[in-house]
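Residues per chain, in single letters:
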Amino acid sequence: MRRRNSIISFLFSCFMVFGAVVCSQTTVSAAPDPTEQLRPFLDKVTTTLSDPGLKHMPRQEQSNRMIGVIRERFDFREMSKRVIGQQWRSLSEKEQAEFEALFTQLLQYAYVGKIEDYSGQRIQYLQQRIRGERAEVQTLLVDENKSIPISYIMLLRNDQWMAYDIVVEGVSLVRNYMEQFSEILRKDGYPGLVAQLKEKIADLEKNINKS
């Protein structure tokens, strides 16, 4: 589990099909191709990570730069909605915006330390699967000694395929957080979850500013 979590962490900093298209031919023809939209985004991520100047920046600047790139193809609102589950519907618009901001900041700070893990790994594109407005793009992260399967789970938003989950070796980033948050929500409710997120973010931010 520790190895899988480490891989997920690295992939978020990188931020870094089976063959059948299960929808009508009309839908396939009309919709843009998810792999072709994902490819330039991941190219930009790896190019940014390869920039020698990035690793010489203060951690806070590294964090801000990477989250700016990642926002171009990741739907943090959809991620937030899914990790909090049914509780999302009971939140006000203000609370939903609050949770989205906190969750995004948690990811930003939690994974910035993994920037150093990138050392030129390559991405191979395998297959994609489309079901209506949902798609899965299967890839491999290729290193000298291993290949790690990674799937990007995406939603079609106004002709743009936006990722809302990463599945690494069968482990979903969203499900991982959903399991953690559901236990907190059960015990302490939404206010308790917000309090814990703020505390965790403050600790992460303090550690980033120290380095």
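About the criteria used
- Numbers given for residues are sequential positions, taken from 1 along each chain in its written order.
- In keeping with the predicted nature of the model, local features appear solely for residues at pLDDT of at least 70, side-chain atom pairs appear and are counted solely at 80 or more, and the whole-chain, interface and lining totals rest on all residues.
- Side-chain calculation: all heavy atoms of the structure are included, whereas hydrogens and water are not.
- We define a nonpolar core as any set of buried Ala, Val, Leu, Ile, Met, Phe, Trp, Tyr and Cys residues linked to one another through side-chain atoms lying within 4.5 Å.
- Under the scheme applied here, a residue whose accessible area is under 20% of the maximum for its type counts as buried, over 50% as exposed, and between as partly exposed, the area being computed with a 1.4 Å probe on protein chains only.
- Under the DSSP-based scheme used, a helix requires at least four consecutive residues in state H or I and a strand at least two consecutive residues in state E, with every element numbered from the N terminus.
- Contact definition: two residues touch when any of their heavy atoms are within 4.5 Å.
- When DSSP finds two or more bridges between two strands, those strands count as paired.
- An axis is simply a line fitted to the C-alpha atoms; with a helix, the fit covers only the stretch in contact. Between two such axes, the angle follows the N-to-C directions and lies from 0 to 180 degrees.
- The definition of a polar contact used here is a pair of N or O atoms within 3.5 Å, where within protein one atom must be able to donate a hydrogen and the other to accept one, and adjacent residues in sequence count solely through side-chain atom pairs.
- The pairing test for Phe, Tyr and Trp rings, Trp by its six-membered ring, is centres within 6.5 Å, and the orientation test on the planes gives stacked under 30 degrees, edge-to-face over 60, and tilted for anything in between.
- In this scheme, the term charge over a ring applies when either NZ of a lysine or CZ of an arginine sits within 6 Å of the ring centre and within 35 degrees of the ring normal.
- Confidence of the predictor at the level of single residues is given by pLDDT, which spans 0 to 100.
- Reported orientations rely on four angle classes, namely roughly parallel under 35 degrees, roughly antiparallel over 145, roughly perpendicular from 65 to 115, and oblique for the rest.
- In this count, Pro and Cys sit with the nonpolar residues alongside Ala, Val, Leu, Ile, Met, Phe, Trp and Tyr, while Asp, Glu, Lys and Arg are called charged and the others, Gly among them, polar.

Right, let's get into the nonpolar core. Of all hydrophobic cores here, the largest spans 58 residues; its most connected members are Phe74, Phe99, Phe103, Tyr177 and Phe181. If you tally residues by element for this core, the top one is helix H8 (residues 173-210), at 13 residues. Contact partners of Phe103, with chain neighbours within four places excluded, come to Met79, Ser80, Val83, Tyr177 and Phe181.

Ordered in space as E1-E2-E3-E4-E5, the five strands form an open sheet in which the pairing is antiparallel. Whereas interior strands pair on both sides, the edge strands pair on one side only; in this sheet they are strand E1 (122-131) and strand E5 (171-172). Relative to strand E4 (residues 160-168), strand E3 (residues 147-157) is paired through eight bridges, and the arrangement is antiparallel. Bridge pairing links Arg157 to Gln160 in E4. Along the sheet, helix H3 (residues 34-50) makes contact with E1, strand E2 (134-142), E3 and E4, crossing E1 at roughly 150°.

Right, let's get into helix H5 (residues 76-84). Inspection of H5 places Phe76, Glu78, Met79, Ser80, Val83 and Ile84 among the buried residues, and these make up the whole buried set. The distance from a side-chain oxygen at the start of H5 to the backbone nitrogen of Arg77 is 3.2 Å, and the residue carrying that oxygen is Asp75. Looking one or two residues beyond H5, the residue adopting positive phi is Gly85, at roughly 70°.

Let's shift gears to the packing of aromatic side chains. A complete count under the given rule lists six aromatic pairs for this structure. Judged by centre distance (6.1 Å) and plane angle (0°), the rings of Phe99 and Phe103 are stacked. Here the residue Phe99 and the residue Phe103 both occupy positions in helix H7 (residues 93-111), the gap between them amounting to four residues, near one helical turn. Among the residues examined, Phe99 registers a relative accessible area of 0% and is labelled buried. Their ring planes at 80° and their centres at 6.0 Å tell us that Phe103 and Phe181 sit as a pair that is edge-to-face. Remark: Phe181 occurs in helix H8 and Phe103 occurs in helix H7; sequence separation between them is 78 residues. Clustering of aromatic rings is evident, with ring pairs tying together Phe99, Phe103, Tyr177 and Phe181. Above the ring of Tyr125, the side-chain terminus of Arg39 is found at 4.3 Å from the ring centroid.

Let's shift gears to unusual backbone geometry. Positive phi, normally seen in glycine, also occurs at Asn158, with a value near 50°. Residue position: Asn158 is located in the loop between E3 and E4.

With eight bridges joining them, E1 and E2 adopt antiparallel strand pairing. Residue pairing in the sheet places Arg122 in a bridge with Val142 of E2. Hairpin connection of E1 to E2: two residues between the antiparallel strands, including Gly132 at a positive phi of 65°.

All right, on to the confidence of the model for the chain then. If pLDDT is low for a region, its predicted coordinates should not be looked at in detail. Overall, the predicted model of the chain reaches an average pLDDT of 86, with 84% of residues at or above 70. Under a pLDDT of 50 for its full length, residues 15-29 has, in the predicted model, 40 contacts with residues more than four places off or in other chains.

Moving on: the packing of H3 against helix H4 (residues 59-70). Axis separation between H3 and H4 bottoms out at 10 Å; the angle between their running directions is 170°. By the criterion of interaxial angle, the relationship of H3 to H4 is roughly antiparallel. Here Phe41, Lys44, Val45, Thr48 and Leu49 of H3 come into contact with H4, specifically with Arg65, Met66, Val69 and Ile70. When grouped by side-chain class, the residues that make up the contact of H3 with H4 number six nonpolar, one polar and two charged.

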